[in-house]
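# Structural description and commentary
Now for the letters of each chain:
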Amino acid sequence: MVLALLVCGLVVAVVLVGLFVFGLRRRLIQRSGGTFDCSLRWDAPEAGDTSGKGWSYGVARYSGDRIEWFRVFSYAPRPRRVLERSAIEVVDRRSPDGDEEVALLSDAIVLGCKLRGTRLELAMSEDALTGFLAWLEAAPPGQRVNVA
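These notes cover the structure that comes with them. All values reported here derive from a predicted model rather than from experimental measurement.

## Overview of the sheet that holds strand β7 (residues 109-115)
Whenever strands of a sheet pair, they do so through backbone hydrogen bonds, lying parallel or antiparallel. The 4 strands are arranged β2-β8-β7-β6 in an open sheet whose pairing can be described as antiparallel. The open sheet terminates on both sides in strands that have one partner only, identified here as β2 (39-42) and β6 (88-94). Each strand of the sheet is rotated relative to its neighbour by a mean of 25°, with strand direction disregarded. In the packing of helix α3 (residues 126-137) onto the sheet, contacts are made with β6, β7 and β8 (118-124), and the angle to β6 comes to roughly 150°.

Written out as structure tokens, the structure is:
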């Protein structure tokens, strides 16, 4: 009986520590400011695929001339993807359709982009999208900006 209680207590402690580390990691990512919730679909299929497959929920952070994207459900301290402002080309903008409505946050707008030939999609709130597009257009003089 004592052993069972000890094992249960240990399992609860491990779960609580895991949740605490998730929260602490997100807090450290957001500490420098300039973050927003952003789902990402890397190597996205061409327009018309609304299956909802391939989306990953994450947090994006502005860092100078790049955006660092972190998966939410990860313990990794480094960003999973880094998007350079000069390499991002906005292709289209749409509302989620089909299964995407379930896979993404309720108020998300999907932004189709190309990054050095790779098609990707970003899903974010309308406010985050406004900030993202303003950040893209605010590139230093001499850098090309491709906003559709």
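## Remarks on a nonpolar patch on the surface
Taken together, the side chains of Leu3, Leu6, Val7, Val11, Val12, Val15, Leu16 and Leu19 make up a nonpolar region of the molecular surface, amounting to roughly 780 Å² of accessible area. Relative accessible area serves as the criterion here: at 48%, Val11 is assigned to the partly exposed category.

## Describing the pattern of salt bridges
Pairs may arise between side chains of opposite charge once their charged atoms sit close together. Counted by the stated rule, this structure contains 10 salt bridges. Asp65 is the partner of Arg85 in a salt bridge, and the nearest nitrogen-oxygen pair spans 2.3 Å. Note that Arg85 is positioned in the loop between β5 (81-84) and β6 and Asp65 in the loop between β3 (58-63) and β4 (66-71), a separation of 20 residues in sequence. The exposure class of Arg85 is buried, given its relative accessible area of 7%. Given the relative accessible area of 32%, Asp65 is considered partly exposed.

## A word on the packing of aromatic side chains
With the rule as written, the count across this model stands at 3 aromatic pairs. Here the aromatic rings of Phe36 and Tyr62 are separated by 5.3 Å at their centres, their planes lie at 40°, and the arrangement is tilted. With a gap of 26 residues between them, Phe36 in strand β1 (residues 35-37) and Tyr62 in strand β3 connect regions that are remote in the sequence. Its relative accessible area of 24% is what places Tyr62 among the partly exposed residues. With 5.5 Å between their ring centres and 50° between their planes, Tyr62 and Trp135 make a pair best called tilted. Placement of the pair is Tyr62 in strand β3 and Trp135 in helix α3, with a sequence separation of 73 residues. Cluster of aromatic residues (ring-pair linked, three or more members): Phe36, Tyr62, Phe132 and Trp135. Looking at Arg81, its charged tip hangs above the ring of Trp42, at a distance of 4.0 Å from the centre.

About the cut-offs
Residues numbered from 1 in each chain as written. Predicted model: local features only at pLDDT ≥ 70, side-chain atom pairs only at ≥ 80, totals over all residues. Heavy atoms only, no water. Pairing = 2+ DSSP bridges. Helix = DSSP H or I, 4+ residues; strand = E, 2+ residues; numbered from the N terminus. Axes fitted to C-alpha atoms, helices over the stretch in contact; angles between N-to-C directions. Contact = heavy atoms within 4.5 Å. Patch = residues over 30% accessible without salt bridge, like charges linked within 9 Å, V, L, I, M, F, W, Y side chains within 5 Å. Areas by Shrake-Rupley, 256 points an atom, 1.4 Å probe, with all protein chains shown as cover. Salt bridge = Lys/Arg side-chain N within 4 Å of Asp/Glu carboxyl O. Buried < 20%, exposed > 50% of the residue type's maximum accessible area, 1.4 Å probe, protein only. Phe/Tyr/Trp six-rings, centres within 6.5 Å; stacked < 30°, edge-to-face > 60°. Lys NZ or Arg CZ within 6 Å of the ring centre and 35° of its normal.

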